[in-house]
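Below, each chain spelled out in residue letters.
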Amino acid sequence: MKRTDWFRLILLSLLWGGSFLFYSVLATELPPFTTVLSRVTIGSLAIVVFLRAQGIRLHVPPSQWRRIVVLSILNNVIPFTLIAWAETRISGGTASILNALTPMFVVLVTGLILRTEALTKNKIAGVACGIAGVLVLVGPDALIGADLIGQAASLLAALTYGFALPFGRRIKGVAPSVLAACQLGMSALIVLPLALVIDQPWALASPSHAGWMSLIGLGLLSTGLAYMLFFGLLASAGPTNLSLVTLLVPVSALLLGWGVMGEHVTSRALGGMVLIAMGLAAIDGRVLRRRGSVPPSPAPQGS
């Protein structure tokens, strides 16, 4: 990759890692559906403004709208809500490490359920390392209680991303940046009635200054800007190089949580992250590429 690609890759990891920090701040101020509604609305508006400024038309073939609805649910509504809810119970660093299992779930979904890709030895070894990393991260003292519930919600979010990526490949004839804007806008329409009925946002106390800044950061930076960086990198660096961001996001989230929120980084968290990183490296195959042909891992969908 070029130096500019590396810079954008690191910036993207900070933006996505920052989403876990923003969720940590908002966990005590807003309920999950209201947080997610704000995120997807701000993000979609930011991308639409950018596309209009570039003279790009939001063209979607009518036959693809049903698939965009499904992708919006799998790629935004469910995982965003689960992560927002999980961070009322666990730290942003822990949530980000569990979210790094997304490529491993993609391997299991495409290999065992959809049967669209073969389960190679490297992929199986990578999934095994990922599972070991989760066991180390959870630890024997988290068999009951809020921590386990929050961790399970984060794992379920990663599993949902695992279904979203292969399904997203079915959408044809839509430019990636247009698809990002449309799926975020559709997500806002889906979450809106849930937020109105369940959260009743008009009855909520106004967020603090930090809460408002976190909402704006989550929508503009971790969603709008991040998606534009994502698709720009996809075009210039390719999906294999882009998949490296999955290794960087937990590091960014842990460092931001430690530096800004004062979250304690435990040795167990570091051990779990190392094992998950080893699993991702095995699935990606670069380190083992000389041993034979190893297919590149899919690019992540987002955090």
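Everything numeric here is computed off the predicted structure, so don't read it as measured data. (Residues numbered from 1 in each chain as written. Predicted model: local features only at pLDDT ≥ 70, side-chain atom pairs only at ≥ 80, totals over all residues. Heavy atoms only, no water.)

Asks: Help me out: how do you make sense of the side chain of T94 in this one?
Replies: By the secondary structure assignment, T94 is in helix α4 (residues 92-99). Residue T94 is classed as buried on the basis of its relative accessible area, which comes to 14%. A polar atom in the side chain of T94 sits 3.1 Å from the side chain of S91. With residues up to four places along the chain from it excluded, the contact list for T94 reads L137 and Q151. (Helix = DSSP H or I, 4+ residues; strand = E, 2+ residues; numbered from the N terminus. Buried < 20%, exposed > 50% of the residue type's maximum accessible area, 1.4 Å probe, protein only. Polar contact = N/O pair within 3.5 Å; in protein donor to acceptor, adjacent residues only side chain to side chain. Contact = heavy atoms within 4.5 Å.)

Asks: What's the story with unusual backbone geometry in this structure? I'm lost.
Replies: Leave glycine aside and you will find that most residues have negative phi; peptide bonds, for their part, are mostly trans. In this structure, Q200 takes a positive phi of about 50° despite not being glycine. Note that Q200 resides in the loop between α8 (176-199) and α9 (209-236).

Asks: Sorry if this is basic, but what is going on with the nonpolar core here?
Replies: Nonpolar side chains tend to gather and get buried jointly when the protein is soluble and globular. Core analysis: the biggest nonpolar cluster contains 56 residues, and L12, W16 and I47 have the highest contact counts within it. For this core, the secondary-structure elements that each account for two or more residues are α1 (3-26), α2 (32-53), α3 (65-86), α7 (146-168), α8, α9 and α11 (245-261). Contacts of I47, omitting those with residues within four sequence positions, involve S177, A180, A181, L184, G224, Y227 and M228. Core analysis: the second largest hydrophobic core is formed by 18 residues, L101, F105, V107 and A269 among them. (Core = buried A, V, L, I, M, F, W, Y, C linked by side-chain atoms within 4.5 Å.)

Asks: Please clarify how the packing of α3 against α8 should be interpreted in this entry.
Replies: Any two packed helices are characterised by the angle at which their axes cross and by the distance between the axes. Where α3 meets α8, the closest approach of the two axes is 8 Å, and the angle between their N-to-C directions is 75°. Relative to α8, the element α3 is oriented roughly perpendicular. Contacts between α3 and α8 involve W65, I68, V69, L71, S72, I73, N75, N76 and V77 on the former and, on the latter, L179, C182, Q183, L184, M186, S187, I190 and V191. Of the residues belonging to the contact of α3 with α8, the class tally is twelve nonpolar, five polar and no charged. (Axes fitted to C-alpha atoms, helices over the stretch in contact; angles between N-to-C directions. Parallel < 35°, antiparallel > 145°, perpendicular 65-115°, else oblique. Nonpolar A, V, L, I, M, F, W, Y, C, P; charged D, E, K, R; others polar.)

Asks: Help me understand a nonpolar patch on the surface in this model?
Replies: Together, L112, I113, L114, L119, I124 and F163 make up a nonpolar patch on the protein surface, roughly 510 Å² of accessible area in all. Here I113 is to be found in helix α5 (residues 102-113). (Patch = residues over 30% accessible without salt bridge, like charges linked within 9 Å, V, L, I, M, F, W, Y side chains within 5 Å. Areas by Shrake-Rupley, 256 points an atom, 1.4 Å probe, with all protein chains shown as cover. Salt bridge = Lys/Arg side-chain N within 4 Å of Asp/Glu carboxyl O.)

Asks: How should α5 be read in this particular structure?
Replies: The end-to-end C-alpha distance of α5 is 15 Å, a good match for the 16 Å that twelve residues give at a rise of 1.5 Å each. Counting buried positions along α5 yields nine of twelve residues, so the element is predominantly enclosed. Residues T102, P103, M104, F105, V106, V107, V109, T110 and G111 constitute the buried set of α5. (Expected span 1.5 Å × (residues − 1).)

Asks: Would you mind showing me how to read the packing of aromatic side chains here?
Replies: Two measures describe an aromatic ring pair: the distance that separates the ring centres and the angle between the ring planes. Inspection of the entire model under this criterion finds one aromatic pair. With 5.8 Å between their ring centres and 45° between their planes, W16 and F230 make a pair best called tilted. Residue W16 is located in helix α1, and its partner F230 is located in helix α9; the two are separated by 214 residues in the primary sequence. You can call W16 buried: its relative accessible area is 2%. On the basis of relative accessible area, F230 is assigned to the buried category, the value being 4%. Taking the ring centre of F80 as reference, the NZ or CZ of R39 above it sits at 3.9 Å. (Phe/Tyr/Trp six-rings, centres within 6.5 Å; stacked < 30°, edge-to-face > 60°. Lys NZ or Arg CZ within 6 Å of the ring centre and 35° of its normal.)

Asks: Help me out: how do you make sense of the environment of S214 in this one?
Replies: Looking at where S214 falls in the secondary structure, it is placed in helix α9. A relative accessible area of 4% means that S214 is categorised as buried. When the C-alpha positions of S214 and S24 are compared, they lie 9.2 Å apart, and in sequence the two are 190 residues distant. With residues near it in sequence (within four places) discarded, S214 still touches F22, V25 and L26.

Asks: How should the side chain of S72 be read in this particular structure?
Replies: Along the polypeptide, S72 turns up in helix α3. Residue S72 is classed as buried on the basis of its relative accessible area, which comes to 0%. Here Q183 takes part through its backbone oxygen, which lies 3.0 Å from a polar atom of the side chain of S72.

Asks: Looking at this structure, how should I read the pattern of salt bridges?
Replies: Oppositely charged side chains may form a pair once their charged atoms are brought near each other. Counted according to the given criterion, the structure contains one salt bridge. As a salt-bridge pair, D5 and R8 come within 2.9 Å of each other at their nearest N and O atoms. With D5 and R8 both in helix α1, this residue pair falls three residues apart, about one helical turn. Owing to a relative accessible area of 2%, D5 belongs among the buried residues under this scheme.

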